[in-house]
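Inside the fold
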Amino acid sequence: MKNRTDQIEGQPLEDTLIKMKKIKELSQENFVLLKPIEGAQEGYYLNYCRVYDYAELFSILKSTLNVCILALEEQQDLTLHIKNKESDVKRVLEFAKNLIPLEEGIYLDEMRKLILSQEEEGVN
């Protein structure tokens, strides 16, 4: 019978260390979009959001506000001055699409495979 120090939850220590190394590698490769903030207001910030210049950034912000105005049904009088409704909606959706942390999704998929394979090995 193996000593408890040689096993972690039924797994040999060597297998567990290999999986922990893989977890660390996956984390370094895929936790790239959201970065932790320390200090008084903890949380995360987006690592990057690509805009070409201030004019584009302000245009995106204006489009975001326009889409919000359009979403308010009772504010029809405010929507009369919005000329490019379709392009505003498209610009906001493109911007929102860039905020999706795809790298972190890849990480979660890989972690799920790794953890489930570890659980299946523990059952055998």
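This text follows the structure it describes.
This text gives an overview of the structure that appears in the document. (Residues numbered from 1 in each chain as written. Predicted model: local features only at pLDDT ≥ 70, side-chain atom pairs only at ≥ 80, totals over all residues. Heavy atoms only, no water.)

**Overview of the nonpolar core**
To keep it simple, the criterion reads: Among buried residues, those of type Ala, Val, Leu, Ile, Met, Phe, Trp, Tyr and Cys that are joined through side-chain atoms within 4.5 Å constitute a nonpolar core. The rule is simple: take the accessible area with a 1.4 Å probe, protein chains only, and divide by the maximum for that residue type; under 20% is buried, over 50% is exposed, in between is partly exposed. By the criteria applied, helices consist of DSSP H or I runs no shorter than four residues and strands consist of E runs no shorter than two, each listed in order from the N terminus. Contact between two residues is taken to exist if any of their heavy atoms lie within 4.5 Å; hydrogens are not considered.
Ile 23, Leu 26, Tyr 107, Met 111 and Leu 114 form the largest nonpolar core, which has 5 residues in total. With 3 residues, the top contributor of residues to this core is helix H5 (residues 102–123). With residues near it in sequence (within four places) discarded, Met 111 still touches Ile 23 and Leu 26.

**Quick word on the layout of surface pockets**
One simple way to see leftover space: roll a probe sized like a water molecule over the atoms. Our working rule: Only protein atoms enter the 1 Å grid used here. Points where a 1.4 Å probe fits but cannot escape make up a cavity, open sets with protein on both sides within 12 Å along at least five of seven lines make up a pocket, and a residue lines them when an atom lies within 4 Å of a point. Grid points are joined across faces, edges and corners, and a volume is the space filled by probe spheres set on the points. Amino acids outside the nonpolar list (Ala, Val, Leu, Ile, Met, Phe, Trp, Tyr, Cys, Pro) and the charged list (Asp, Glu, Lys, Arg) are all regarded as polar, and Gly is one of them.
Here the largest pocket defines a volume of roughly 320 Å³. Along its surface, the largest pocket is lined by 15 residues, and Arg 50, Glu 94, Phe 95, Lys 97 and Asn 98 are the ones closest to its centre. Those elements that place two or more of their residues in the lining of the largest pocket are helix H2 (54–71), helix H4 (85–98) and H5. Per-element accounting of the lining of the largest pocket gives the leading share, 5 residues, to H4. In terms of residue class, the lining of the largest pocket is built from 8 nonpolar, 1 polar and 6 charged.

**Here we look at the packing of H2 against H4**
Stated formally: In this analysis an axis means a line fitted to C-alpha atoms, helices contributing only their contacting stretch, and an angle means the value between N-to-C directions, from 0 to 180 degrees. Roughly parallel here means an angle under 35 degrees, roughly antiparallel means over 145, roughly perpendicular means 65 to 115, and every remaining angle is called oblique. In a left-handed crossing the near helix is turned counterclockwise from the far helix by less than a right angle, and in a right-handed crossing that turn is clockwise.
Where H2 meets H4, the closest approach of the two axes is 8 Å, and the angle between their N-to-C directions is 115°. Relative to H4, H2 is oriented roughly perpendicular. Relative to H4, the crossing made by H2 is left-handed. From H2, Ser 59, Ile 60, Ser 63, Thr 64, Asn 66, Val 67 and Leu 70 reach across to H4, where they touch Lys 85, Asp 88, Val 89, Arg 91, Val 92 and Phe 95. Considered class by class, the residues forming the contact of H2 with H4 number 6 nonpolar, 4 polar and 3 charged.

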